[in-house]
Amino acid sequence: MQVLTGKEIRQKFIKFFEEKGHTHVASSSLVPYNDPTLLFSNAGMNQFKDVFLGLEKRNYTRATTSQKCVRAGGKHNDLDTVGRTARHHTFFEMLGNFSFGDYFKHESLAWSWEFLTSPEWVGLEPELLYPSVYEHDDEAYDIWINEIGVPKERVVKLGKSDNFWEHGSGPCGPCSEIYYDRGVEKGCGKPDCAPGCDCDRFMEVWNNVFSQFNNDGEGNYTDLVQKNIDTGMGLERLACVSQCVDSLFDVDTVMNITNKVSEITGATYGKSHKMDVSLRVITDHIRSATFMIGDGILPSNEGRGYVLRRLLRRDARHGKLLGVNEPFLYKVCDMVIHENKGAYPDLADKQDYITRVIKVEEENFAKTIDTGLRILNELVDSHKSKGETMFSGEDAFKLYDTYGFPLDLTQDILEEQGMTVDEAAFTKLMEEQKERARAARGDMSNAWQGLDLGLDNTPTAFTGYDHEEDGGTI
């Protein structure tokens, strides 16, 4: 097996499929184009959805991409597992090869095996690879055993939750994944540990999706006008296997960012589990934030902007856990850009802008976090002294309303204390506050009625139909 850097894996993958007649297509934005069903681009196929559905035609029928993806917020949310497992990021790169009514299962499976096992490409040990198939897909099962020659005992049949790919509405279908056995020492110790187990022994490195159905979002499936291939291969996962490291956070392109965080914070990676979690969270979230801002997302209190704000605030708090009491994330984003500008040159073009957005958000949050943390700790002590594990909605609302402390950050901190929040009470108080605000706006507007404020209320005349320039009094 070769030891390959993340950049080498990306280059090899694109070259391999270009030699198979695929057109290299640039990554789409993290903000999905004309697709209200997605918060972020979360898979390589997003930009080809209309092509799969037969609604759009391209001048090629085979494509290969390196797609930037975010899974944080919404249905597919890896946020709460980041830093605690070996294989979850909120930001990752998905390498993909796609067929639009061209080749199908035979070529897709054969090429995935060739790329992974050929010494010319990645050179993984074939005996450590375990393909899985959808339990009702006899065709794929037969291809693995009788055409590619994988021993029958290493081909695993799994159910729909494991081997049927769909992300909400749109193209979907059965899939065939390839797992790499990282060794018994990485496993859970259970006698039935096998591909599909949730432990870190068998790492999925490839997913061949046979996209042949359309899900209307209500669980109703219809045949697509053409059969398609949608392959997803996590760059960081294959790098983890190739570089023989423990987790996705230990691969070269990610660890270089962690090293920068360590340099700024003085924290040593590998010294303690708690410290490692903070370093990993900061590394992951600043990668996501840098790419999100580069694609035009700004911190806000709703939608994508809220996810971005939450990532940056979680990072700021973990920085405090490492002893950093001033803005520092804006310095780390420079390393994120350095590691990725070869594949995504637009990051370098927007470097000053991205840095400025992150720094302003850090400075704004710094004004509230210290007071909020102090009050939160006092309230936690009060609840614990009474033997309570449920943090009151009233206290959570007070933190939010008075100190600007977001509920999700309160929940993160309480989880570490073995406590939960009474969300129902918090939500009720939020609704009452909104009602008061609406009523106040109504009262305010009524209060001015009938009063002569000495203002010139002459309607503004729009002269733009006749003049390109005009004068007026402001």
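I will try to describe carefully the structure that is included in this document. Worth saying up front: this structure is predicted, and the values here are computed from it rather than measured.

1. Some details on the overall build of the protein
So, step 1. In terms of regular secondary structure, the protein is built from 15 helices and 11 strands.
So, step 2. In terms of overall dimensions, the protein has a C-alpha envelope of 90 × 70 × 45 Å along the principal axes.
So, step 3. Per-residue burial for the protein yields a buried fraction of 51% across its 474 residues.
So, step 4. In the protein, once contacts between residues fewer than 6 apart in sequence are set aside, the share between residues at least 24 apart is 70%.
So, step 5. Accessible surface, the protein: about 22700 Å² in total, of which carbon and sulfur atoms supply 48%.
So, step 6. Computing the positive centroid from 52 side-chain charges and the negative centroid from 77, the protein places the two 4 Å apart.

2. Some words on helix H4 (residues 138–148)
So, step 1. Those residues of H4 not exposed but buried are Ala140, Tyr141, Ile143 and Trp144. Angular distribution of buried residues about the axis of H4 spans 160 degrees; they occupy a single face of the element.
So, step 2. At the C-terminal side of H4, Gly149 shows a positive phi close to 90 degrees.

3. Focus on the side chain of Arg182
So, step 1. By the secondary structure assignment, Arg182 is in the loop between strand E7 (170–181) and strand E8 (202–215).
So, step 2. A distance of 2.9 Å separates a polar side-chain atom of Arg182 from the backbone oxygen of Val245.
So, step 3. Apart from residues lying up to four places away in sequence, Arg182 is in contact with Asp200, Arg201, Met203, Cys240, Val245, Asp246 and Ser247.

4. Some details on the pairing of E8
So, step 1. For E8, the tally of buried residues reaches 11 of 14 residues, placing the bulk of the element in the interior.
So, step 2. For E7 and E8, the ladder comprises 10 bridges, and the chain directions are antiparallel. Within E8, the residue paired with Glu177 across the bridge is Asn207.
So, step 3. The pairing of E8 with strand E9 (residues 221–234) spans eight bridges and is antiparallel. When the bridges of E9 are listed, Asn215 appears paired with Tyr221.
So, step 4. In this antiparallel pair of consecutive strands, E8 and E9, the connection spans five residues, and Gly217 shows a positive phi of 95 degrees.

Cut-offs applied
- Residues numbered from 1 in each chain as written.
- Predicted model: local features only at pLDDT ≥ 70, side-chain atom pairs only at ≥ 80, totals over all residues.
- Heavy atoms only, no water.
- Helix = DSSP H or I, 4+ residues; strand = E, 2+ residues; numbered from the N terminus.
- Buried < 20%, exposed > 50% of the residue type's maximum accessible area, 1.4 Å probe, protein only.
- Contact = heavy atoms within 4.5 Å.
- Areas by Shrake-Rupley, 256 points an atom, 1.4 Å probe, with all protein chains shown as cover.
- Lys, Arg positive; Asp, Glu negative; His and termini not counted.
- Charge placed at Lys NZ, Arg CZ, Asp CG, Glu CD.
- Arc of directions from axis to C-beta.
- Polar contact = N/O pair within 3.5 Å; in protein donor to acceptor, adjacent residues only side chain to side chain.
- Pairing = 2+ DSSP bridges.

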